[in-house]
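# Observations on the three-dimensional arrangement
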Amino acid sequence: MSEKQRLVVVSNRVGPLSDEGKAGGLAVGLADALRRRGGLWFGWSGETTKDGTAGEASRETVGEVELVTIDMTEEELAGFYLGYANRALWPLLHYRLDLVHFDREADRVYRAVNARVAERLKQFLRDDDIVWVHDYHFFYLGNELRKQGFTGRLGFFLHIPFSPPEMFAALPGANDMVRAMLAYDLVGFQTATDRRNFANYAKHELDGQKQPDDRIRVGNRTITAKVFPIGIDAEGFAEFARSGEAEEHAAMLRSNVGRSLPIVGVDRLDYSKGIIERLLGFERLLEQYPDRVGGVQFLQVAPLSRSEVEEYVDLRGEFEGLVGRINGRFATLDWTPVHIMTTGLTRRALAGIYRAARVCMVTPLRDGMNLVAKEFVAAQDEADPGVLVLSRFAGARAELGEALIVNPYATDHVANAIERALRMSLEERQRRWRAMRDKVFANTAADWCRAFLDALEAAEPDGGVEALLP
Ligand code: GDG
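Residues numbered from 1 in each chain as written. Predicted model: local features only at pLDDT ≥ 70, side-chain atom pairs only at ≥ 80, totals over all residues.

### A closer look at the site of the ligand
Within the structure, the ligand sits among 24 residues, and H159, G344, G368, M369 and L371 are positioned closest to it. Of all the secondary-structure elements, those providing two or more residues to the shell around the ligand are α1 (25–37), α12 (347–356) and α13 (371–379). Top contributing element to the shell around the ligand by residue count: α13, with three residues. (Near = placed C-beta within 6 Å. Helix = DSSP H or I, 4+ residues; strand = E, 2+ residues; numbered from the N terminus.)

In structure tokens, the structure reads:
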């Protein structure tokens with residue numbers, strides 16, 4: 001890809017560009033690519049105003065990168081983000097039909113915001129820009145950009161899972177959405193399962209044909225659909241783990257749990273993360289292995305997320321209730337089995353906590369990748385690495401097979417895995433960890449970014465660039 005071509009990234013939230021200890025894997029990878037070739041990052045400002053997407057764009061230039069953001073109205077935010085993205089698409093794509101709310105008005109606003117964002121972005125685009133759109137907020141954006149006359153390369157990456165076709169078909173307008181996705185020249189997924197689900201939907205519902213080289217043909221349009229497992233800035237995270245702030249937090253955790261072995265979980269408080277199931281597994285451990293009472297302590301860091309959405313309010317109640325029950329059942333005067341923190345920590349503090357942990361529980365019921373699993377691995381010290389307990393339903397499972405793999409729904413299985421992790425010899429811990437470390441360091445955020453952009457250049461779409469969905 002010519003280094004002169006400008007990269008344009010579109011994601012719901014923008015930045016940060018400089019790593020002040022806050023950026024996650026996504027921001028680090030993208031910021032790196034943007035800094036290297038220069039470019040533009042477009043998204044929502046996080047503000048609501050009376051004019052919303054119609055209001056003035058804010059522009060800020062940092063080095064070679066221009067950050068452009070627009071606001072939303074309260075109505076746009078409610079329909080697009082809270083209503084459709086987070087109450088319809090998020091549960092649907094995480095296999096949770098029971099939690100899905102299909103709302104005609106939210107669907108309308110979602111499509112309208114995609115069209116508005118395309119229109120606003122188009123003002124900033126040059127014909128030969130390479131545009132990379134991120135995630136489930138913007139399924140229709142590429143199609144809208146084509147309608148606006150953009151003819152350059154268009155890529156899309158889905159950070160979360162793509163549900164099986166039988167389930168995805170429950171979405172009113174599912175065909176529209178997949179047709180709109182065909183406007184992109186390259187569609188990227190976290191795992192082979194997600195890619196296969198998408199390809200099977202196109203095949204069964206839209207008469208699509210699978211073609212060699214990861215290509216899919218629907219009607220006279222052929223695009224590439226490919227797997228790009230996201231990585232982290234492994235070196236940077238390992239460095240965080242060696243920082244003074246990390247040391248301080250590691251020491252705090254150790255002194256807090258006394259002679260107990262620390263077990264940790266770190267997730268946004270989200271029903272897809274299996275936090276409830278993990279606590280039930282921990283409770284079962286205390287029932288089944290009474291020697292562990294007083295000898296382990298579970299710390300769940302769970303920053304509150306999407307608190308305006310009803311299902312998340314319910315989850316918080318259930319979470320706090322369950323923690324109360326476990327502590328009530330098992331606590332003694334000088335020992336509390338479960339600690340929770342719903343305020344966030346800095347990345348360095350997190351790295352310290354991972355490093356001090358004997359076991360890290362990553363037990364999502366469904367997860368695109370799960371960066372916590374990779375961060376935990378990067379933060380360990382060869383002399384005494386902790387054990388990763390990982391759900392078979394996390395995208396990260398495809399790479400991190402040396403973790404203790406669990407079915408988060410099987411409570412006994414989770415309890416036994418924790419016990420096994422606690423008993424594991426140093427030699428076995430080191431062997432498993434080295435294998436995982438090699439993979440986490442071999443596929444970083446920067447590698448992921450490069451792989452996607454190389455594939456976007458090589459994609460060779462067929463069937464014209466006219467919009468497929470009117
Ligand atoms: C989506 C997909 C995919 C958590 N607590 C704190 C904190 N975190 C950071 C973690 C990690 C990030 O948040 C969470 O990333 P995940 O990958 O675990 O999950 P999602 O937010 O759901 O991300 C996921 C990802 O996109 C990337 O493609 O892997 O599957 O769902 O980096 O460390 N960070 C700080 N304080 C906290 O308390 N600073």
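### Regarding the pairing of strand β12 (residues 296–301)
On a regular strand, each side chain points to the face opposite its neighbour's, so the side chains alternate between the two faces of the sheet. Counted residue by residue, β12 has five buried out of six residues, so it is predominantly covered. Strand direction decides the pairing type here: strand β11 (residues 261–266) and β12, joined by six bridges, are parallel. By the bridge assignment for β12, V266 is matched with V301. Both β12 and strand β13 (residues 338–341) contribute to a ladder of four bridges, which runs parallel. If you follow F298 over to β13, its bridge partner there is V338. Assessed by its sense of winding, the connection that carries the chain from β12 through helix α11 (residues 310–330) to β13 is right-handed. (Buried ≥ 20, exposed ≤ 12 C-beta atoms within 10 Å, placed from the backbone. Pairing = 2+ DSSP bridges. Right-handed = clockwise from strand over helix to strand, strands pointing away.)

### Let's talk about the domain arrangement of the protein
Partitioning the protein into domains gives domain 1 (7–231 + 446–458) and domain 2 (234–443). Once you take the C-alpha centre of each, domain 1 and domain 2 turn out to be 30 Å apart. Contacts between domain 1 and domain 2 engage 23 residues on the former and 19 residues on the latter. Where the side of domain 1 that touches domain 2 is concerned, the elements lending two or more residues are α1, α2 (74–93) and α16 (445–458). With three residues, the top contributor of residues to the side of domain 1 that touches domain 2 is α2. Grouping the constituent residues of the side of domain 1 that touches domain 2 by class yields nine nonpolar, nine polar and five charged. (Domains from an automatic or database assignment. Contact = placed C-beta atoms within 7 Å. Nonpolar A, V, L, I, M, F, W, Y, C, P; charged D, E, K, R; others polar.)

### With respect to the packing of α13 against helix α15 (residues 426–442)
Following both chains from N to C, one finds α13 and α15 inclined at 115°, their axes separated by 9 Å at the closest point. In terms of orientation, α13 and α15 fall into the roughly perpendicular class. For the pair α13 and α15, the crossing hand works out as left-handed. Between α13 and α15, the residues in contact are K374, V377 and A378 and W433, M436, R437 and V440, respectively. (Axes fitted to C-alpha atoms, helices over the stretch in contact; angles between N-to-C directions. Parallel < 35°, antiparallel > 145°, perpendicular 65-115°, else oblique. Left-handed = near helix turned anticlockwise from the far one by under 90°.)

### Examining the pairing of strand β7 (residues 186–189)
Here β7 shows two buried faces, one formed by L186 and G188 and the other by V187 and F189. By the bridge criterion, three bridges tie strand β6 (residues 153–157) to β7 in an arrangement that is parallel. Considered in β7, the bridge of F156 is made with V187. Relative to strand β10 (residues 221–227), β7 is paired through four bridges, and the arrangement is parallel. Across the sheet, the residue bridging to L186 is T224, located in β10.

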